[in-house]
Each structure stands twice: as C-alpha cells, then as structure tokens.
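Coordinate inspection notes
Here is how the chains run, residue by residue.
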Amino acid sequence: MENIQRVEISPSPGYPDVVRKIIIAGRNEDYLAKTVTLICRIEHYDQHNNRLNAFAAIERDPFLLVADDTSKVDPLTGALVFPDENGNYPIGATGQYTWLHAAVESGVNPFSIAQGAVLEADSYLRFT
C-alpha cells in the first residue's frame, strides 16, 4: 500500500501524541449524479511513524467525503462557503462538483485537491 495517498490530520481528543493519517482508499466520480466521492480510512501512528494496531477496531469503517453541487464553494479557492441567516450564499459561490470538474479539466493536480478536501474536512471535525 505504498502508493496510497496519506494525509496527516489533527490528533484525536484525548490522544495528543497519536498521529492520525487519512488514507484515500478510493475515488469515484458519478457523472450522472454529478458527485465525486473520496473513500477515506483512518490510520494511527506513534511519534516514530509506527502503526498502532491497538486502534484497529476504530479504523474499520470508512469516511465518505462527497462533493456535489448542493455544497457551494468559493470559486477562487474551492473552500466551502455557507449561507447566511437568510439562506443566501456569498456572491459568486459555485457548486462544489462544478468547481472540482473545472479545476481538474484545467490541470489542477487531483491529489492536491484530495489533500485539501481531507484537511478541510478535518477542520470541520469530520474524522472524530
């Protein structure tokens, strides 16, 4: 599994010395539904990059990160944006799938996009 993309994320609460990494176990684009899904699994390591098998029981279930046009992003950065109290998104916000498709078509590295998606999901505590 040396070719699998790994992204280091924040430590989990209660275990500040345990290094957590997300592995991108799969990617799927559904052209009809206009979705992109990253299949993410979590791995735990010590400070010397040794796997901690004691965490295996909580590493079984994957996390799915799904991008579609119901989520809106900043067109310059691809970062998620949210509606205001009236339900209005910032001017210029675009659908996440549309943005991803255009970014890849224009030559942006999909591995960089995946890393950004994982880090953004981590900032929203998706992996806790």
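What counts, and where the lines are drawn
Residues numbered from 1 in each chain as written. Predicted model: local features only at pLDDT ≥ 70, side-chain atom pairs only at ≥ 80, totals over all residues. Heavy atoms only, no water. Salt bridge = Lys/Arg side-chain N within 4 Å of Asp/Glu carboxyl O. Helix = DSSP H or I, 4+ residues; strand = E, 2+ residues; numbered from the N terminus. Buried < 20%, exposed > 50% of the residue type's maximum accessible area, 1.4 Å probe, protein only. Pairing = 2+ DSSP bridges.

In this section: the pattern of salt bridges. Oppositely charged side chains can pair when the atoms bearing their charge come close. Enumeration according to the criterion identifies 4 salt bridges in this entry. A salt bridge links Glu43 to Arg6; the nearest nitrogen and oxygen atoms lie 2.9 Å apart. Of the two residues, Glu43 sits in strand β3 (residues 35–45) while Arg6 sits in strand β1 (residues 6–9), which places them 37 residues apart along the sequence. Taking relative accessible area as the criterion, Glu43 reaches 3% and is therefore assigned buried. Among the residues examined, Arg6 registers a relative accessible area of 30% and is labelled partly exposed. Close ionic contact of Glu43 with Arg51 constitutes a salt bridge, the shortest N to O distance being 3.3 Å. One connected set of salt bridges, linked through shared partners, spans Arg6, Glu43, Arg51 and Glu59.

Here we take up the environment of Gly107. With respect to the helices and strands, the residue Gly107 is situated in the loop between α1 (96–105) and α2 (110–123). Using a relative accessible area of 59% as the deciding quantity, one classes Gly107 as exposed. Residues Gly107 and Arg6, spaced 101 residues apart in sequence, show a C-alpha to C-alpha distance of 21 Å.

Right, let's get into the sheet that holds strand β6 (residues 80–81). As summarised here, the arrangement of the 3 strands in space is β6-β5-β7, forming an open sheet in which the pairing is antiparallel. The outermost strands of the open sheet, each flanked by one partner alone, are β6 and β7 (94–95). Pairing of strand β5 (residues 72–73) with β7, which is carried by 2 bridges, proceeds in the antiparallel orientation. The residue of β7 that forms the bridge with Val73 is Thr94.

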